[in-house]
Amino acid sequence: MSESEATPTVRRSNRERKIAKPFAQVSTAASKKRKRDTDNEAGDVTDKLTSDGGEVAEEPNEDPDDDDEDEEDYSAPKTKATKMKRQPVAGASKTKTQTPVVKKPRAVKPKVATGTRKTKVDATVDVVQQIRDSHISDDNALFNTILNPSAALQSTVEDYLDALSNTPDLALADLTNCILRACGCNDSVDSHEATDQDGVVDKLDTFTEGLKQANAPLYPLASKLPIFKKFRKQLSEFLHRLVASSAELGSLYTSDLLPTVLPWVVAMSSSQLRSLRHTATVVAMDLESALCEVAAEVEKEVVIIARQREGEKKRAGTSKSKGKGRDKEFENKAQEVRQRKTTLKAFIDDFFNGVFVHRYRDHDPGIRTECVQAMGVWFKSHPSQFLDGRYFHYVGWVLSDADTHVRLAAVKSLQALYASPEHLGTLQQFTDRFKGRLVQMATSDLELSVRVAALQVLSAIDGHSLLEEEQRDELCLLVYDEEPRVRQAVAGFVKGVWDEAVEDGMIGRNSTGGVKEKETERVGIKCLATLLVKWAKRTRQGSLQLSEDDNDDESPAEENESKNRDIARLVSAQQKGRIALAVEALWEDVPAIADWEALLEHLLLDHSASDVGTSPMRAGKKSKKAVEVEVVDEAWRLSEPEEAALLECFVAVLRRIKEEAGPGSGGKKGEAETAVSDMTRALIKGLPRLFAKHQTDPNRVADVLVMPQLMNLDMYLEMRMIPAYENLWDDIIKQFTSHSSPITLSQATSAIQHLTSTTLLANTNTSKNTELEEELSTSLRDAIAGREELDVAGFSEDEVHTLGTIAARLVLLSGVRDMTGWMEEDEGGKQSSAWDIMNVLAGRGRLGYKEEEAMIEECLRLLILHLAWKSRGLSNDEEPSEEAVKYKEFLEEQRNSVLEKVTEFAVGSDSKPCEGVKRAAFHSLINLHILFCHGEDTPPSALPLSMDDETQYRCAGFVQAEVEQFVDELEENEERERGQTTEEETSRAGSTSEGEGDADANANKKEETPGKKQRKGRPRKDDREDSPDPRSMPQSHLEREYVLNALLATFIRAIRVGVLNPSHSAVVLAHYDRLGSGFDTNIKVVIDFLRDVGMFKGEGQVVSEIIVRAIQESFTMFMDDIVHIDDHAVALARALSACFIVRGAQLSVVKRLESEHVVDVQTRSISWIVKLLAGYVTLSNKKMTNKALLFFRVLQQLSASIESRDALKIKAHLDQAVAQSKLQIGTTKAWDPYRAYEKRLGVAMSKDKTIPTVKGKKRTKKGTRSGEMIHSDEDETAQAEGLVAESGTEAEADAVVPPPRLKSKPKPRPKARRQRLSEGNDGDDEDVFGPVASPAVQLRSPSKRRAAQKAAIRDDIPAMNDDEEPVVAQQYDEEPATNGDRGPAQNGKQPITNGHQPPAVAPTSRKRRRQASETAESDGQENIDPAADQAPSPARSHVSVADIKNRRKRVRR
């Protein structure tokens, strides 16, 4: 818009237009009058910022030759701001003189804190200084203002628009430079460059090259500096205000503001630099968001004008002339508004197509997140354009983005859409396509926030009934999720499902008033129970623990009940089940859950009664008798599974009420106590009926037995209901003595313990405990009545079950109270005591009867508990009394009797007990030794007990056997699952067409084929995952894993206490990283113990022996194909490396294991593997050699914290071992672990500057490694000899590192070697096993020749003399020796040529130079070490691969 056109126009705000002035960030007197006091201070800050920026940047103009007319009328913001600053100051001083009192308090403040006063001006100075510190130029007033969080952005926008109307080119250049500063670019553009759209790309290329070459600062959007903390918010607000204000003034449609900014932003958004690309994307997204808001207002304006036009037509009536004029006026307004709408739509489309379409898939997740978040804003601000399928797809596609923030932004952008019903029609197609992905995100996304957001969207979708029934059930199962936030998020969704079920249940019922409320309440409870049963069934169907037939669910449980007693004992009243988690999640949303009184009333109904011919339920209270005879309506009658689920739900509700009444709950104490009291009163009346109703079902009785533990039992005394309390005791004792289920017995024991702890009712408790003991004693003696010799007597199956149940009851009671007096009671010798009976029954374990396994396990546990209680009565007096001596002797006799049995059962060889008896005996054996462990401070009166070495070895062997048995079971299960998977794939393949089957077979074949970079014998990553997800494992496997981990925990506990020698821990260490996370957790405890023993107890030698043995056993399993990958041994070595060093804060070294032990681990391991390698090389076993070389990967993990001197010793030992075993180091990929280990040692040695560096020979050709190492001087060898001599003999030191030798003439090849060369050998394994001569027979195939060309560098290749000539094969049946072995004449002997004299061939110039150099070196050498007679080591090889290949090429020619 030209200047002449802008002068007569009036602002849309009806304010007087300012005189056209060049843009500068100042506060004029007119603007100050419109502002409040705080705005006035902000303006002062802006003035100071601009003026200060001008003072700092007062330098010659960068474009002094620019003679543009607009530039002559326009002064730079910094210079003009400095001049304009003085003009308002005078006006401001006048204002201050009129109100001098206001400034007096401000002058007093510095007296309190002199030197610390910070005014707004000082803050602005700090802002400018911080801008300078960030290495971003402060020459742009707009950028400085945006960077100042206290600046008045609206005033800045108004001033900028005024400048835009007067000097548009310069104002646009200023805005462009502001965007460049936001990108961290200090380059600038002038007015011509800013408006030249054709030169934008070239100019940006120049800026990009400058930023690449210079040390570009971190741009504001990504900077963590405090000054840029609010920059993102300020920039967005500025752009929104700029677009809104320009639209209000009309300059948005008439000026070149957006047409100029658009090409710059679009071009910058495609830059290679992240700073330009990210900032431009943010600017474009903010501009488009602001345009969407303006476009939405314009659309409203269109609607208003249309309504006004229709109303005017109606009012005009018959007056056509007057109506015609008004209609013309409205038509002009409508045309103008439509024109603005079209312009806005064009701008929106340009930004969308130019920036969003390309950047929403940017490789930077931050930029993708900005785009998706902006799309969510557009959905809400401008739905008329963006609520379309072509825009929805962009959000749907990024739902599968790899970055968490992008997925979260995509899900959040959909939340507002489904909240509005009017958008439902446009979202139908998108929902049908992507709702499956949303369900998948809600159920299995790795990020918790994404799951919660997806659940919120799905709840809104389900509100419109757009989800399938199967998807709803899958989402409802999340109420059992392990994450509390997920359970809380899905509660709203579950409430909607529950409400819908209640509405369906109330269909057809016409009751009103209180009857309707009661019916609705009971229908709600019925629906809750139905949903719980439905979800439980879906959960069981989704797990692997079910059998193929659902009807067989009960039989496996009954069969495995005796085996799972240990697991059943883990269940207590404090532990929460699946339904308890659902109750916590739905407590606030589903009213039927929190109403515990209604739940109790519903549970007390007789749901087994039929409702045929019954009348509707009456409202109001009913007597007890009426409730009993009441017939339950079919609408809320519960089935057996529903009643069991509701009972468990009721227990969870009671537990929640009890927790809220606890001291740490945070609720009101009085209300919580009242709730518990009300609950106790209701249960006092309801518990007897619940016991009577569910006494035949062990699972339901277990839930009922939890209720007394949640009651306030003191209320029995307060309410004077002692008979009711005694009846409660009787009910609990009845359940305890009549049921055999482990869970029921465990809950009954907890209830008895809770009742016994009530001190106010101690008399009743004592009498009831006596009754319980008498009943147990009677039942025990009745079970063995009529049998004299229990150790050999025969028992029926029922009798064995009865005795096992009695023993289990006694074990549970002995775990919570002292039963020793009752156990040893024999009525003066008239009858056998319970101790004698149980001791004899335990001795039946030697018979090996499978039916008696559970009984004997319980007997052994009971005997150990009895000894534990008895040991508390031992006297610690130095002179014990006669009674104490008898007590000790009797206890020792009992202990020895039990010790003999458990030792024989666990590790003995004379008997063959069952597996369960063996495990129980092992636990008892270890626990018995721990109980009477012989320590340093153990008094003799404590009956100290120690385990002999033979028993220790047998215990370790027992644990090893258990681990191997568990591994075998795992492999069987995996094979079974693999077989089932194969059958399923076969059946699916059979149903497809022949062509599809072939395609699938080819695809599978490709998948099975390992990649080129994949090592042979190493499975793919998918085949060697870590421990599987416990949720996908069958229950039997989890129970078996628990048994193994319990056994391992007992074994480790014995090691830590000192019962077992720490050296036995190697048998379990070797299985690290094989048997799941639970097993590894126990192993980490062993590793921590070994670290403490080695570092703090001075037993480093023991620790080193354990480590060596463990890694050798672990790697041996790999060598023997017990495991298929070496990653387990590597993981073990990585974990064991923690025994060498203790780190503190910031990885500082706190303590180290003594270096001699660290070196011992390495040297012993090296000796072991080198000896192994030498054996495989001798046998020419290439496969086993390649596998053995992987052991150096293990040694790399153990060498992470080695010190320099230790690394030198280890390297010397490695060289000695290799030399003694005559190993030839190859250059194939199989030797990479060895070279990597050597490199690790070299890096460790290089950390010590006093150790001479070891330089390796450069690679002769790309991809070819040289095994040659040339020492830099002789001091290194001497130093190595000294270090080795410290740990070994002098002879060993001489053998470890031979003195350095320059490249000299090699010694003659031994005769045996020449014979082998002449006899011939198979050269297929030459790349691993060393030099192998080629047979003097027919020429090999081209493939074998190529393989021979790639052979490793031979360390025994002799150097050529000046008088040597290369040998050329004369016949096709002869082939020169591989790896450059051509048998030169040495010491006057002629080379072996099979009777053919080789012709003379002139050497090349390069070869002559090399030979001359070698000859000079040989002549300069004086003292040749005797060790030179030995075969040269790999470190002395000096023939390159290129020389060998050149020789072969000449030979073939």
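Residues numbered from 1 in each chain as written. Predicted model: local features only at pLDDT ≥ 70, side-chain atom pairs only at ≥ 80, totals over all residues. Heavy atoms only, no water.

K.L.:
Before we go on, may I ask you to explain unusual backbone geometry in this structure?
P.N.:
Comment: phi is negative for the bulk of residues other than glycine, and the bulk of peptide bonds are trans. Although it is not a glycine, Asp1121 adopts a positive phi angle of roughly 65 degrees. Note on placement: Asp1121 falls in the loop between α51 (1100-1119) and α52 (1127-1136). Here the phi dihedral of Ser1180 falls at roughly 55 degrees; this positive angle occurs in a residue that is not glycine. Its place among the elements puts Ser1180 in the loop between α53 (1155-1178) and α54 (1182-1189). (Helix = DSSP H or I, 4+ residues; strand = E, 2+ residues; numbered from the N terminus.)

K.L.:
Got a minute to help me understand the side chain of Asn1082 in this structure?
P.N.:
Residue placement: Asn1082 occurs in helix α50 (residues 1077-1096). Note on Asn1082: relative accessible area 15%, which makes it buried. Beyond its immediate sequence surroundings of up to four residues, Asn1082 is in contact with Asn1045, Leu1048 and Ile1052. (Buried < 20%, exposed > 50% of the residue type's maximum accessible area, 1.4 Å probe, protein only. Contact = heavy atoms within 4.5 Å.)

K.L.:
How should I be thinking about the pattern of salt bridges in this particular structure?
P.N.:
Charged atoms that come close allow side chains of opposite charge to pair. Using the criterion set out here, one finds 61 salt bridges in the structure. As a salt-bridge pair, Lys534 and Glu469 come within 3.6 Å of each other at their nearest N and O atoms. Highlighted residues: Lys534 in helix α26 (residues 513-542) and Glu469 in helix α24 (residues 469-476), separated in sequence by 65 residues. What makes Glu469 partly exposed here is its relative accessible area of 45%. The salt bridge partner of Arg700 is Glu640, with a shortest N-O separation of 2.2 Å. Here Arg700 is found in helix α35 (residues 698-706), whereas its partner Glu640 is found in helix α33 (residues 640-660), with 60 residues between them in sequence. (Salt bridge = Lys/Arg side-chain N within 4 Å of Asp/Glu carboxyl O.)

K.L.:
Teacher, can you tell me more about the packing of aromatic side chains here?
P.N.:
Using the criterion set out here, one finds 26 aromatic pairs in the structure. When the ring of Phe1192 is compared with that of Tyr1234, the centres are 5.1 Å apart and the planes differ by 90 degrees; the resulting orientation is edge-to-face. Taken together, the positions of Phe1192 in helix α55 (residues 1191-1198) and Tyr1234 in helix α57 (residues 1232-1246) put the pair 42 residues apart, joining distant regions of the chain. Taken individually, Phe1192 and Tyr1234 each receive the classification buried, so the pair is uniform in this respect. An aromatic cluster of at least three residues, connected via ring pairs, comprises Phe352, Phe356, Tyr360, Trp378, Phe386, Tyr391, Tyr394 and Trp397. The lysine or arginine in question, Arg578, covers the ring of Tyr480, its NZ or CZ lying 5.5 Å from the ring centre. Its guanidinium or amino end placed over the ring of Phe1118, Lys1187 lies 4.7 Å from that ring's centre, counting from NZ or CZ. (Phe/Tyr/Trp six-rings, centres within 6.5 Å; stacked < 30°, edge-to-face > 60°. Lys NZ or Arg CZ within 6 Å of the ring centre and 35° of its normal.)

K.L.:
I'm lost on the environment of Ser275 in this one. Help?
P.N.:
Along the chain, Ser275 turns up in helix α16 (residues 274-316). Judged by relative accessible area, Ser275 falls into the buried class, the value being 12%. Sequence separation between Ser275 and Cys185 is 90 residues, and the spatial gap between their C-alpha atoms is 8.7 Å. In this structure Ser275 touches Cys183 and Tyr219, once residues within four positions along its chain are discounted.

K.L.:
Honestly, the packing of α51 against α52 in this entry has me stumped. Any pointers?
P.N.:
A pair of packed helices can be characterised by two numbers: the angle between their axes and the separation between those axes. Between α51 and α52, the shortest axis-to-axis distance is 8 Å and the interhelical angle comes to 165 degrees. When the axis of α51 is compared with that of α52, the two are roughly antiparallel. α52 is crossed by α51, and the crossing has right-handed handedness. Seen from α51, the contacting residues are Ile1107, Ala1110, Ile1111, Ser1114 and Phe1115; seen from α52, they are His1128, Ala1129, Leu1132 and Leu1136. Here the contact of α51 with α52 is built from residues that sort into 7 nonpolar, 2 polar and no charged. (Axes fitted to C-alpha atoms, helices over the stretch in contact; angles between N-to-C directions. Parallel < 35°, antiparallel > 145°, perpendicular 65-115°, else oblique. Left-handed = near helix turned anticlockwise from the far one by under 90°. Nonpolar A, V, L, I, M, F, W, Y, C, P; charged D, E, K, R; others polar.)

K.L.:
Can you help me understand the confidence of the model for the protein chain in this one?
P.N.:
The predicted coordinates ought not to be read in detail in places where the model reports low pLDDT. Taken residue by residue, the protein chain gives an average pLDDT of 74. The fraction at 70 or more is 67%. This stretch, residues 611-629, has a pLDDT under 50; its non-local contacts, to residues over four places away or in other chains, come to 16 contacts. pLDDT under 50 marks residues 1254-1410. Its contacts with residues more than four places away, or in other chains, come to 284 contacts. (pLDDT = per-residue confidence, 0-100.)

K.L.:
Just checking my understanding: could you explain the packing of α33 against α35 for this structure?
P.N.:
Between α33 and α35, the least distance of the axes is 10 Å, while the angle of their chain directions is 20 degrees. When the axis of α33 is compared with that of α35, the two are roughly parallel. Note on packing geometry: the crossing formed by α33 with α35 is left-handed. In contact with Glu640, Glu643, Ala644, Leu647, Glu648, Val651 and Arg655 of α33, α35 contributes Arg700, Asp703, Val704 and Val706. Of the residues in the contact of α33 with α35, the class split is 5 nonpolar, no polar and 6 charged.

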